[in-house]
Amino acid sequence: MDAFQGAARLIGMDDAVWAKHAHPLSVWSRMLAAPVIFLCLWSPVWIGWYGAGLIAMALVWMWINPRLCPPPKTGRSWASKGVIGERIFINRKAVPVPEGYKRAAFLTSGLSALFMLGFVYAYYRLDVLAAALAWHGSAVAKYWFVDRMAMLTDTMADAHPAYAAWLAGDWSATPEDEAASGESP
């Protein structure tokens, strides 16, 4: 299991949750919540331990968000394709993806993690400006990742019947169904 699979497993991403998270409202509300989460993380500095409740609420939001929306009617929006592409990328051992997309995923995720380390350091030093810059650098890298995953979806749509089904809005299709039937993708 790699970091991408581990993260998906950590927050309990099963087929139904992936389908709901592919709804553009889920993607955009998660992205737009980032500044609020940033403020929640700073709240203990400003208001003391009362801020811990805001941090807990932010963590609950990150877990519950992918579960709130219904599955979208199609997977053709940029946001939906980004989520589908992430799922395709996580499945890359079963259905290989082009090398360039692997490099892009590791590069953008690495940049996001590096900026997040900068955020942690700035937070430790209580440097709000540096923390905000690092937080937003991490967000830009994440948006870049989503964009590459949207492109991966377009590239891989014909590589596996489940991928084409997700684009068409059939969220019941799973890559495992094809593998279990003995058919090759």
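Residues numbered from 1 in each chain as written. Predicted model: local features only at pLDDT ≥ 70, side-chain atom pairs only at ≥ 80, totals over all residues. Heavy atoms only, no water.

## Here's the deal with the side chain of Glu-86
1) Next: Of note, Glu-86 is situated in helix H6 (residues 78-90).
2) Next: Salt bridges are absent for the buried Glu-86, whose nearest opposite-charge side chain, Lys-142, sits at 4.3 Å.
3) Next: With near-sequence residues (within four places) excluded, Glu-86 lies in contact with Trp-18, Lys-142, Phe-145 and Met-149. (Helix = DSSP H or I, 4+ residues; strand = E, 2+ residues; numbered from the N terminus. Buried < 20%, exposed > 50% of the residue type's maximum accessible area, 1.4 Å probe, protein only. Lys, Arg positive; Asp, Glu negative; His and termini not counted. Salt bridge = Lys/Arg side-chain N within 4 Å of Asp/Glu carboxyl O. Contact = heavy atoms within 4.5 Å.)

## Section: the nonpolar core
1) Next: Within the largest apolar cluster, 32 residues are counted, with the highest numbers of intra-cluster contacts made by Ile-88, Phe-89, Leu-152, Met-156, Tyr-163 and Trp-166.
2) Next: Counting only elements with at least two residues in this core, the list comes to helix H1 (3-10), helix H2 (15-21), helix H3 (24-32), H6, helix H7 (99-124), helix H8 (128-156) and helix H9 (161-168).
3) Next: Looking at which element gives the most residues to this core, the answer is H6, with six residues.
4) Next: Apart from residues no more than four positions distant in its own chain, Ile-88 is found in contact with Val-97, Leu-152, Thr-153, Met-156, Tyr-163 and Trp-166.
5) Next: Formed by 13 residues, the second largest nonpolar core is a distinct cluster that contains Ile-37, Phe-38, Cys-40 and Ala-122. (Core = buried A, V, L, I, M, F, W, Y, C linked by side-chain atoms within 4.5 Å.)

## Here we look at the packing of helix H4 (residues 34-47) against H8
1) Next: For the pair H4 and H8, the least separation of the axes is 11 Å and the interaxial angle reads 145°. In this structure, the crossing between H4 and H8 has a hand that is right-handed. Residue-level contacts link Ala-34, Pro-35, Ile-37, Phe-38, Leu-41 and Trp-42 of H4 to Val-128, Ala-131, Ala-132 and Trp-135 of H8.
2) Next: Here the residues of the contact of H4 with H8 sort into ten nonpolar, no polar and no charged. (Axes fitted to C-alpha atoms, helices over the stretch in contact; angles between N-to-C directions. Left-handed = near helix turned anticlockwise from the far one by under 90°. Nonpolar A, V, L, I, M, F, W, Y, C, P; charged D, E, K, R; others polar.)

## With respect to the environment of Trp-144
1) Next: Structurally, the position occupied by Trp-144 is in helix H8.
2) Next: Residues Trp-144 and Gly-82, spaced 62 residues apart in sequence, show a C-alpha to C-alpha distance of 9.9 Å.
3) Next: Those residues within four positions of Trp-144 in sequence are excluded, and the remaining contacts are Leu-107, Thr-108 and Leu-111.

## Observations concerning the packing of aromatic side chains
1) Next: Taken as a whole and assessed by the stated rule, the structure comprises 13 aromatic pairs.
2) Next: With a centroid separation of 4.9 Å and an interplanar angle of 80°, the aromatic rings of Phe-4 and Phe-89 are classed as edge-to-face. Of this pair, Phe-4 sits in helix H1 while Phe-89 sits in helix H6, and the two are 85 residues apart along the sequence.
3) Next: An aromatic cluster is built from Phe-38, Trp-42, Trp-46, Phe-119, Tyr-123 and Trp-135, whose rings are joined through pairwise contacts.
4) Next: Residue placement shows Arg-67 over the ring face of Trp-63; its charged tip is 3.8 Å from the ring centre.
5) Next: In this structure, Arg-92 packs its charged tip against the face of Phe-89, placed 4.1 Å from the ring centre. (Phe/Tyr/Trp six-rings, centres within 6.5 Å; stacked < 30°, edge-to-face > 60°. Lys NZ or Arg CZ within 6 Å of the ring centre and 35° of its normal.)

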